[in-house]
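A closer look at the structure
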Amino acid sequence: MILKGKTAVVYGAGGALGGTLARAFVRAGAEVHLAGRDLGKLAAEIGAAGAAEVDALDPASVEAHADALGAFDISANAIGVPHLQGRPLLELSPDEYAVPIAAYTRSTFVTATAAARRMRPGGVILTLSATASGVPAAPTGGFGTACAAVEHLSCQLAAELRPSGVRLVCLRANGISESAYAGSHAKAIWAEFAQRAGVPLEEFLNQPGESLLGENLTLAEFADVALFLVSDQARAMTATVVNVSRGQVIG
C-alpha cells in the first residue's frame, strides 16, 4: 500500500491509460478522484472517492474541480485527444498537424499548474508522453512534436517548483496495443495504422513487438512504473523523463 494516505487526481480517467492509473492508485491505497467523461462505471468498479466531468483543456473547469478537492498529493494527466495519425505530413493541413500539439501542451499546462498550486509538500505531478518525442516515427503527424513539447514543459515546471518540494516526472511509453481494446480514441489510431499496413486490426495488434524484450508494452507494466514514480520510493526523481519502451527506444 505504497500510496496509503495519499489523495490522487487522474485526469482523463475514462480512457485506457487513465483508467489503468486509477485502478493502480486505488490498489496501492490512495484516495482517488476521477476527472473526465463517462466515469460512472469505473468509479463504481474501483470505489473512487469522487468522479466529476472535467474538461482538461478548460482552465475554469479544472480550477473549479481542484478547488472542490482542496489539497492533494498526486496529479496524473492521461487524457486522449482525437487527432490524425497514420497519414504522412504531406497529406495534412497545418490545422490537422497542430491539433495534438495545441491540445496536449495546453492540457498538461492547465492540469499541472492547477495541481501545483494545491500540492502538499512532497506531492508529485505525473505527465505522459510517448517515444515519438525523440524518434522520428512516420507517419505520426504532430503527435511526436506534441510529446517533445510536453516533456520540455514538464521539466521546466519541475525546475520552477523546486522551492515547494513538489516533484514532476514524465513517463514516456511506446505504443500499448492493448489499449485499443479499452478505448475508442486508441482504437481509432491503431486502426489507421492497421489500414496503412493492409492487415486487419486484430492481426496488427497481435504482431510481435519490436523492443529488445520482444514484446509490446502492457497496461500492467505501464501502471507498475507509474505507481513507482508517484510513490515516495521515487522521491529523488524530478525534472526527468522515464523511458518505458521495453528497449524499443534506447536512452
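First, a word on what this report is: a plain description of the structure on this page. (Residues numbered from 1 in each chain as written. Predicted model: local features only at pLDDT ≥ 70, side-chain atom pairs only at ≥ 80, totals over all residues. Heavy atoms only, no water.)

1. Some words on helix 3 (residues 59–69)
Applied cut-off: A simple rule labels every residue: compare its accessible area, found with a 1.4 Å probe on the protein chains alone, to the largest value its type can have, and call it buried under 20%, exposed over 50%, or partly exposed in between. Helix and strand assignments come from DSSP, with helices taken as H or I runs of at least 4 residues and strands as E runs of at least 2, each series counted from the N terminus. Picture the helix axis, draw a direction to every C-beta atom, and the arc is the one those directions span.
Ser-61, Val-62, His-65 and Ala-66 are the residues of helix 3 that are buried. The arc enclosing the buried residues of helix 3, seen along the axis, measures out at 125°, which places them on a common side. Turned more than 90 degrees away from the buried face of helix 3, the exposed residues are Ala-60, Asp-67 and Ala-68. Just beyond helix 3, the residue with positive phi is Gly-70, at close to 85°.

2. Looking at the sheet that holds strand 3 (residues 50–53)
Heads up, the rule is: For two strands to pair, DSSP has to find at least two bridges joining them. Under this scheme, a helix contributes an axis fitted over its contacting stretch, all axes are lines through C-alpha atoms, and angles between N-to-C directions fall in the 0 to 180 degree range. Here, residues are in contact when the closest pair of their heavy atoms is within 4.5 Å.
Spatial strand order, 3-2-1-4-5-6-7: 7 strands in an open sheet with parallel pairing. Here the strands that pair on one side only, and so sit at the sheet edges, are strand 3 and strand 7 (240–244). Between one strand and the next, the sheet's axes are offset by a mean angle of 20°, whatever the strand orientation. Strands in contact with helix 1 (residues 16–27) are strand 1 (7–11), strand 2 (31–36), strand 4 (72–77) and strand 5 (119–130); relative to strand 1, the strand with the most contacts, it is inclined by about 170°.

3. A word on helix 4 (residues 94–116)
We apply this condition: For a helix, the expected span equals 1.5 Å multiplied by the residue count minus one.
Spanning 23 residues, helix 4 covers 33 Å between terminal C-alpha atoms, matching the ideal 33 Å at 1.5 Å per step. Those residues of helix 4 lying buried are Pro-100, Ala-103, Tyr-104, Ser-107, Thr-108, Val-110, Thr-111, Ala-112, Thr-113, Ala-114, Ala-115 and Ala-116.

4. Overview of the state of the cysteines
Put simply, the rule is: By disulfide we mean two sulfur atoms from cysteines, separated by a distance within 2.5 Å.
If you walk through the whole model with that rule in mind, you get 0 disulfides. Of all cysteine sulfurs in the structure, the one in Cys-170 sits closest to Cys-155, which takes part in no disulfide; the separation is 7.3 Å. Here Cys-155 falls in the partly exposed class, since its relative accessible area comes to 25%. According to the relative accessible area criterion, Cys-170 is buried, its value standing at 0%.

5. Focus on the pattern of salt bridges
Cut-off, in case you're wondering: For salt bridges, the criterion is a side-chain nitrogen of Lys or Arg within 4 Å of an Asp or Glu carboxyl oxygen.
In the structure shown here, the tally under the stated rule is 10 salt bridges. Ionic pairing is found between Glu-63 and Arg-118, a salt bridge with its closest N-O pair at 2.6 Å. Of the two residues, Glu-63 is situated in helix 3 and Arg-118 in the loop between helix 4 and strand 5; the sequence distance between them amounts to 55 residues. Among the residues examined, Arg-118 registers a relative accessible area of 14% and is labelled buried. Through salt bridges with shared partners, a single network forms among Glu-63, Asp-67, Arg-117 and Arg-118.

6. Let's talk about the pairing of strand 3
A regular strand carries its side chains on alternate faces of the sheet. For the record, the criterion: By the criterion used throughout, a crossover qualifies as right-handed when its path from the first strand across the helix to the second strand runs clockwise, the strands pointing away from the viewer.
The pairing of strand 2 with strand 3 spans 4 bridges and is classified as parallel. Bridged to Leu-34 within strand 3 is Ala-51. Once you follow strand 2 into helix 2 (residues 40–46) and on to strand 3, the crossover reads as right-handed.

7. Describing the nonpolar core
As a rule of thumb, soluble globular proteins bury nonpolar side chains together. Applicable threshold: Remark: nonpolar core denotes a set of buried residues (Ala, Val, Leu, Ile, Met, Phe, Trp, Tyr, Cys) joined through side-chain atoms within 4.5 Å.
Counting residues in each nonpolar core, the largest one holds 35 residues, and the members touching the most others are Leu-21, Phe-25, Leu-34, Leu-126 and Leu-171. Sort the elements by how many residues they give to this core and helix 8 (residues 219–230) lands first, with 6 residues. In this structure, Phe-25 is in contact with Leu-3, Ala-8, Val-10, Ala-30, Val-32, Ile-74, Ala-76, Leu-227 and Val-230, ignoring residues within four places of it in sequence. Counting 31 residues, the second-largest nonpolar core is a separate cluster that includes Val-54, Ala-103, Tyr-104 and Ala-114.

8. Describing the side chain of Ser-129
Convention followed: Side-chain atoms alone can form a polar contact between residues adjacent in sequence; in general such a contact is a pair of N or O atoms within 3.5 Å, and within protein one must be able to donate a hydrogen while the other accepts it.
For Ser-129, the position within the fold is in strand 5. Within the structure, the side chain of Ser-129 is placed 2.6 Å from the side chain of Glu-151, a separation counted as a polar contact. When near neighbours in sequence (up to four residues on either side) are disregarded, Ser-129 contacts Cys-147, Glu-151, Cys-170, Leu-171, Arg-172 and Ala-173.

9. Overview of the pairing of strand 5
Of all 12 residues in strand 5, 9 are buried, a share of seventy percent or more. As a crossover connection, the stretch from strand 4 through helix 4 into strand 5 is right-handed. The parallel pair strand 5 and strand 6 (residues 167–173), bridged by helix 5 (residues 143–160), forms a crossover whose chirality is right-handed.

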